[in-house]
Amino acid sequence: MTISFVKISIFEKLMKLNKQFSVFIFLFVVVYSSAQNRIEGTILDDKNEPVSFCAVGLMNVSDSSLVKGSISDDKGYYFFLDIKKGNYIFKISSAGFLDFYSNSINVDSLSQLKLEPFILKNSGVNLNEVSVTALKKPIEFKNGNIIVNVEGSPLAIGNSVYDVIMRMPGVMTDGDNITLQGKSVSFLIDNRIQQLAGGQMISLLKSMNASNVEKIELINNPSAKYDAAGSGGLINIITKKIRLTGFSGNFMLHSSQGFYNNTFSQLSLNYKGKKFSVFTNYNASYTDTRSVNNWHREVKYDSTVTKLDQNYVETAHNRYVSFFGGADWFINKRNTLSARIDFRPGKEKVIRHATTTISDNALGYHNLSFDFEKPNDWFWQDYSLNYDLLIDTTGGKLTFNTSYSTYPERWSAMYQNHYLDEQYNDVAPVKVFRGENKVDLSVLTGRIDLEKNFAKKFRLEAGVKIAFQDLFSDFVFADRNTSTGIFTLDTSLTNAFSYKEQIQAGYVEMSKELKKFNFRVGVRGENTIILAESKTNSVKYDRTYFNLFPVASIDYNYSDKHNYSLSYNKRISRANYLNFNPYKSFRSILTYMQGNPYLNPQYTDRIDLRHTYKGRISNSFSYSFHKNYFLTYNIENSKTKELIFYNGNLDQGEIFSYSLFYQGDIFKWWTISTSLGIHYFRCKGTIEGVNYSIGNNNNNVWMMHQFSLSKSTKLEISVWGVGPWVDGTTSFKPRGAINSGIKQNLLRDKLTISLGMHDIFYTLPVISEVTLQYQNSNSVHSWDSRRFNISVNYNFGKVKVQQHKTKTNEEEKNRVSNQRQ
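What counts and how
Residues numbered from 1 in each chain as written. Predicted model: local features only at pLDDT ≥ 70, side-chain atom pairs only at ≥ 80, totals over all residues. Heavy atoms only, no water. Helix = DSSP H or I, 4+ residues; strand = E, 2+ residues; numbered from the N terminus. Buried < 20%, exposed > 50% of the residue type's maximum accessible area, 1.4 Å probe, protein only. Contact = heavy atoms within 4.5 Å. Polar contact = N/O pair within 3.5 Å; in protein donor to acceptor, adjacent residues only side chain to side chain. Phe/Tyr/Trp six-rings, centres within 6.5 Å; stacked < 30°, edge-to-face > 60°. Salt bridge = Lys/Arg side-chain N within 4 Å of Asp/Glu carboxyl O. Core = buried A, V, L, I, M, F, W, Y, C linked by side-chain atoms within 4.5 Å. Pairing = 2+ DSSP bridges.

Student: What am I meant to see in the overall build of the protein chain here?
Tutor: In terms of helices and strands, the protein chain carries 5 helices and 48 strands. Looking at the protein chain residue by residue over its 821 residues, the buried ones come to 54%. A sequence separation of at least 24 residues applies to 67% of the contacts in the protein chain between residues at least 6 apart.

Student: Sorry, what's going on with the side chain of N628 here?
Tutor: Tracing the chain through its elements places N628 in strand β37 (residues 617-636). Within polar-contact distance, the side chain of N628 engages the backbone oxygen of P601 at 3.1 Å.

Student: Any chance you could explain the packing of aromatic side chains here in plain terms?
Tutor: Two numbers describe a pair of aromatic rings. These are the distance of the centres and the angle of the planes. Per the stated rule, a full pass over the model turns up 46 aromatic pairs. Their ring planes at 75 degrees and their centres at 5.7 Å tell us that F586 and Y592 sit as a pair that is edge-to-face. Each member of the pair, F586 as well as Y592, is classed as buried. Considering the side-chain rings of F656 and Y680, the 6.3 Å spacing of their centres and the 35 degrees angle between planes classify their relative orientation as tilted.

Student: I'm lost on the environment of F97 in this one. Help?
Tutor: Looking at the secondary structure, you find F97 in the loop between β5 (86-93) and β6 (100-101). Residue F97 is classed as buried on the basis of its relative accessible area of 7%. Taking the C-alpha atoms as reference points, F97 and N122, separated by 25 residues in sequence, lie 4.5 Å from one another.

Student: Teacher, can you tell me more about the pattern of salt bridges here?
Tutor: Where charged atoms of side chains with opposite charge meet at close range, the side chains can pair. For the structure shown, the criterion picks out 26 salt bridges. One salt bridge connects D328 with R340, and the closest N-O pair in it is separated by 3.1 Å. Of the two residues, D328 sits in strand β22 (residues 304-330) while R340 sits in strand β23 (residues 335-358), which places them 12 residues apart along the sequence. On the accessibility criterion, D328 (12% relative accessible area) is buried. Look at R340 and you get partly exposed, because its relative accessible area is 23%. Across the salt bridge formed by R574 and E526, the nearest N and O atoms sit 2.6 Å from each other. Of this pair, R574 sits in the loop between β33 (562-573) and α4 (577-580) while E526 is found in strand β31 (residues 517-534), placing the two residues 48 residues apart along the sequence. Accessibility expressed as a relative area gives 2% for E526, which makes it buried.

Student: Is there a simple way to explain the nonpolar core in this structure?
Tutor: Soluble globular proteins tend to pack their nonpolar side chains together in the buried interior. In this structure, I165, I178, F187, L205, I216 and I237 are the most contacted members of the largest nonpolar core, which totals 49 residues. When residues in this core are grouped by element, the largest group, 5 residues, is from helix α2 (residues 161-166).

Student: What is the right way to look at the side chain of N647 in this model?
Tutor: Tracing the sequence through the fold places N647 in strand β38 (residues 643-667). Engagement of the side chain of N647 in a polar contact is seen with the side chain of T632, the distance being 3.0 Å. If we skip the residues at most four places from it in the chain, N647 touches N579, Q594, N596, L599, L631, T632 and Y633.

Student: For this particular structure, what's the right way to read the pairing of strand β41 (residues 713-722)?
Tutor: A regular strand places its side chains on the two faces of the sheet in alternate fashion. With 7 of 10 residues buried, β41 is to be regarded as a mostly interior element. In this structure, strand β40 (residues 690-710) lies alongside β41, joined through 10 bridges in antiparallel fashion. Within the sheet, the bridge partner assigned to S708 lies in β41 and is K714. Counting the residues between successive antiparallel strands, the hairpin from β40 to β41 contains 2 residues. Two strands pair when backbone bridges link them, and β41 and strand β44 (residues 735-746) are joined in this way by 10 bridges, in the antiparallel orientation. From the neighbouring strand, E716 faces β44, where its bridge partner is G741.

Student: How should unusual backbone geometry be read in this particular structure?
Tutor: Working note: non-glycine residues mostly have negative phi, and peptide bonds are mostly trans. Of note in this structure, Y424 is not a glycine but carries a positive phi near 65 degrees. With a phi close to 60 degrees, N628 is a non-glycine residue in the positive phi region. On the accessibility criterion, N628 (17% relative accessible area) is buried.

Student: I keep staring at the pairing of strand β17 (residues 213-219) and nothing clicks. Help me out?
Tutor: Across the 7 residues of β17, 7 count as buried, placing the element largely inside the fold. With 4 bridges connecting them, strand β11 (residues 145-149) and β17 associate as antiparallel partners. In the sheet register, I146 faces β17, and the bridge partner there is L218. Alignment of β17 against strand β18 (residues 234-239), held across 6 bridges, turns out to be antiparallel. Paired with V213 across the two strands is T239, which belongs to β18.

Okay, structure coming up:
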């Protein structure tokens, strides 16, 4: 089926959303009203001002056990749903106030109680220029998902988000690929899916400082609300939110010493009032890195085996700044309008020097000296608008969101090749190439989501989404004439490539609590339309396909100590625009990259069985079946010794996994968290017409020790390791790292000094081997992963006593409830 794409303005695309959302609006009208058992009220101080974001606990009169907990909103309003018949009291806590206990309140099964306001008394604590801190567990395990609390961690301060993710349980990386438990993942930032591919996504993660992140969620079994992309689930990066009413801010300086010294600085200025909040963040980074690679290849042609030994040293010099700003308008109790902008301009220069020694004269030379210099400029921009409407007092909400992102990049490169004999004398003229690339990528999305609670603990979520992705890459490659010095266009390596993708999606999900059981079932439908076109040779590739992605789970709360869950979901991994581009990309005289326009999407069916004990110990077994399994492999020309890095599909792949998680306190001041994963992987299919199959085991371990040496001193030591594993046709040796960090708070917690050491014993280098048909190679790749870090962080601000804003876990509760298995 051939489809045509017409350039559509942003306005026209947004108008198209109205038609796609009409069914959803009808659904909203149908489910809008529902009566429900409830208790509601407000919390005031002794001046009759609302007390925002304080903890509200509903307790049994008989034994003072906690029945339910909540957080008051910015108007001091709270509510509880589905309260069983009985007698209860309220306990209310908030910074700067004395704890409040109410009189006994009788509730029957049909109660619709609106209580008189509770009045809190001032504790006499001065909250001017206060810093609100809380000691969190380094890692939490909730409903099958792992939540890593980044905020305040000595190991995170001053590091990039990429550095933090690489040290998380079950996460592995190979070049531009990041996997979770051996499966590909998709990234979200504040619940928004990121459309960047490969190296661009890595660059984004490296440009984000972990000091701006509150937590990172590893979502193993996403709900139907989330995009179906990512066979291994999702990694959701949650950035910090404003917690102080009034003016607040933060200033940080960070220095990191490896082979080079790197610096980072940050300034945040925020204001939060009753009706508006404004927040800004500006940071600048100067990052220099160095990597070394030793690569040995053996190529057999006829009866001769040629050995090629390459050594290269590469340095990358990054200079970038970023500005993030936004505003929230609390129109009234039910309506909130939010806007965000994110600017990330930057530049990078990559310099590589490589030498390749060749065992014979099969290519007419014994040594190849290669020099490469590539400056790269970019200016990434992101705009988003969000509107929240509370449709009732039972937690029902309607959310409208639209966002537009653009990622323009420009780079140029010079490649010099010297052909040398055994004595390193020139045997041929120097070959010089020039490459230039202009990349323009834009992403426009719009979505509407509905959340609705009904009587008898029934919950409905539904929504629709549409996303447009438009990429154009114009790559020009030229060869310098050795006699005239004039550059001539090389048509075999020059390519203008266009990629357009449109995904139309809708979902519905229902959950129901019934005694000790919680049932969840949902389905997401995605219609994908792709048109890829090479403007250079007029070759077009188009795809249109529709898929349903069901999710289902059963939770059984056997007792307060034991919980069992069984879940199923279906997901998809699409080829990104880089892997889809069929043109041959030059890397050196002997190595190239090439996309595959015939790549099929990979489908994954996953089943999980999990047992949790006291929320501290979790055992899980999972099985994943992959259809059209993605595989990266090399195509080698034994005569010319050229190597092409390529992507294809195998018929199928399977992963059997067991995971153990434990967290507990050895002493009150010593908390340990540990994760163990045991996996067996196998796949089969054909590579270039030849049958291929493989199976192997992979084990990984992660451990975090957190020590509270005093109220103001915190020490963390982490251990991470992975056993030998196979990714496609490449086998990897065991590797791991030990990291440590210490944090000291001063000046009533306003000033923080942190010291850290990463990869203390320098055990992170990657050792790999490829043995495929006639290919045989191995490599050792290392970089300056052992680094010493120091950070100085200062928080400032003033808080109005009568408003008392503190930390809230409302967002976390909503998100976790959406992801229940």
